[in-house]
Amino acid sequence: MNHIFIDTHAHLDGEEFKDDLDLVISRAKQAGIGGIFLPSIDLNSIDGIKKICNEYPDYVFPMIGLHPEEVKADYESVLSKMHQCLQDNDIGRPVIAIGEVGLDFYWSREYESEQLKAFEQQVEWSVETRLPLMIHCRKAQNELVHILKKYEKQLPGGVFHCFTGNEKEAAELLQFEGFVLGIGGVLTFKKSHLPDVLPSVVPLSRIVLETDSPYMAPVPLRGKRNESSFVVYVLKKLADCYGVSEETIASMTTQNVKRVFKKPYS
């Protein structure tokens, strides 16, 4: 494959990649991946992301954000330190988004109020910095939409990461201009309804590719450690769903990335 496409969401700073990251990056380049975007999930992850982004400049790009599952009682002090990193450009490479942020009530609502406040605060960072949002949402779309509505006219855009919802949920998220849906390995799963949902309500101009490595590897590699090169299988499945060429998917999703992540990536 000689066309270029982007993995907009990969946790390459995880322990899973500590022994062979160079090979993972090499395979990504060989597969046609033109760039990989790394979200932080907590304060500790920022150092790992900083190291990788400085090792692979102009190929791996950092985000700063507090993942909803990492929001605890001390979230205010954590966010204060993260915001300082953002202001000081502590990573040493230009930050391309606020992420991974959002709401997750799948396992527990123990820190529900803290999650809501932390998410809203980071939405405000996005408005203030004009950096797009990388949003994680599980079992919380109503609450998420309620917060985003308050800032709708001010938001610079972003990605609803790992979209797995139905037609109604897709349409509700796409009402936010400048936002796209991040589509990954779930698209290829046997029981996924995404192959029907996406072409019916989501134009190709509103989709970006992602892996969420090391999680959710696509078929035929399901169950293995996911990595950026595997996004090729998502691209192929999308081309099949929309009845277009793989080149079209690569070109359109890359254009979408450049539109959403205005600086410094594009």
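Residues numbered from 1 in each chain as written. Predicted model: local features only at pLDDT ≥ 70, side-chain atom pairs only at ≥ 80, totals over all residues. Heavy atoms only, no water.

Moving on to the overall build of the protein chain. When helices and strands are tallied, the protein chain shows nine helices and eight strands. A compact globule built from 266 residues should have a C-alpha radius of gyration of about 18 Å, and the protein chain, at 17 Å, falls within 12% of that. Taking all 266 residues of the protein chain together, the buried fraction comes to 56%. Taking all contacts inside the protein chain whose residues are at least 6 apart in sequence as the whole, residues at least 24 apart take part in 76%. As displayed, the protein chain offers around 11700 Å² of accessible surface, 48% of which is attributable to carbon and sulfur atoms. Charge separation in the protein chain, taken as the distance between the mean sites of 29 positive and 38 negative side-chain charges, equals 4 Å. (Helix = DSSP H or I, 4+ residues; strand = E, 2+ residues; numbered from the N terminus. Rg over C-alpha atoms; globule rule 2.2 N^0.38 Å. Buried < 20%, exposed > 50% of the residue type's maximum accessible area, 1.4 Å probe, protein only. Contact = heavy atoms within 4.5 Å. Areas by Shrake-Rupley, 256 points an atom, 1.4 Å probe, with all protein chains shown as cover. Lys, Arg positive; Asp, Glu negative; His and termini not counted. Charge placed at Lys NZ, Arg CZ, Asp CG, Glu CD.)

What follows is about the packing of helix α4 (residues 112–129) against helix α5 (residues 141–150). Direction vectors running N to C along α4 and α5 enclose 35 degrees, while the axes themselves pass 10 Å from each other. Like other packed secondary-structure pairs, α4 and α5 cross with a definite hand, here right-handed. Contacts between α4 and α5 involve Glu112, Leu116, Phe119, Glu120 and Val123 from the first element and Glu143, Leu144, Ile147, Leu148 and Lys150 from the second. For the contact of α4 with α5, the residue count by class is six nonpolar, no polar and four charged. (Axes fitted to C-alpha atoms, helices over the stretch in contact; angles between N-to-C directions. Left-handed = near helix turned anticlockwise from the far one by under 90°. Nonpolar A, V, L, I, M, F, W, Y, C, P; charged D, E, K, R; others polar.)

Attention now moves to the side chain of glutamate 120. Structurally, the position occupied by glutamate 120 is in helix α4. Setting aside residues no more than four positions away along its own chain, glutamate 120 makes contact with Ile147, Lys150 and Tyr151.

Where empty space is left can be seen by rolling a probe of water-molecule size over the atoms. Counted as a void, the largest pocket has a volume near 1100 Å³. In terms of lining, the largest pocket is formed by 36 residues, of which the most central are His136, Cys137, Arg138, His161 and Cys162. Those elements that place two or more of their residues in the lining of the largest pocket are β5 (133–138), α5 and α6 (167–174). Looking at the lining of the largest pocket residue by residue, the classes come out as 14 nonpolar, 11 polar and 11 charged. Approximately 200 Å³ is the volume found for the second largest pocket. If you trace the second largest pocket, you find it lined by Leu12, Asp13, Gly14, Glu15, Phe17, Lys18, Leu21, Gly48, Lys51, Ile52 and Glu55. The element that contributes the greatest number of residues to the lining of the second largest pocket is helix α2 (residues 43–55), accounting for four residues. (1 Å grid on protein atoms, 1.4 Å probe; cavity = no way out; pocket = protein on both sides within 12 Å on 5 of 7 lines; lining within 4 Å. Points joined across faces, edges and corners; volume = space filled by probe spheres on them.)

With their axes 11 Å apart at the nearest point, helix α3 (residues 75–88) and α4 run at an angle of 15 degrees to one another. With respect to α4, the element α3 is oriented roughly parallel. Regarding α3 and α4, the two cross each other, and that crossing is right-handed. Touching Tyr75, Leu79, Met82, His83 and Leu86 of α3 are Glu114, Lys117, Ala118, Gln121, Gln122, Trp125, Glu128 and Thr129, all from α4. Residues that form the contact of α3 with α4 fall into these classes: six nonpolar, four polar and three charged. (Parallel < 35°, antiparallel > 145°, perpendicular 65-115°, else oblique.)

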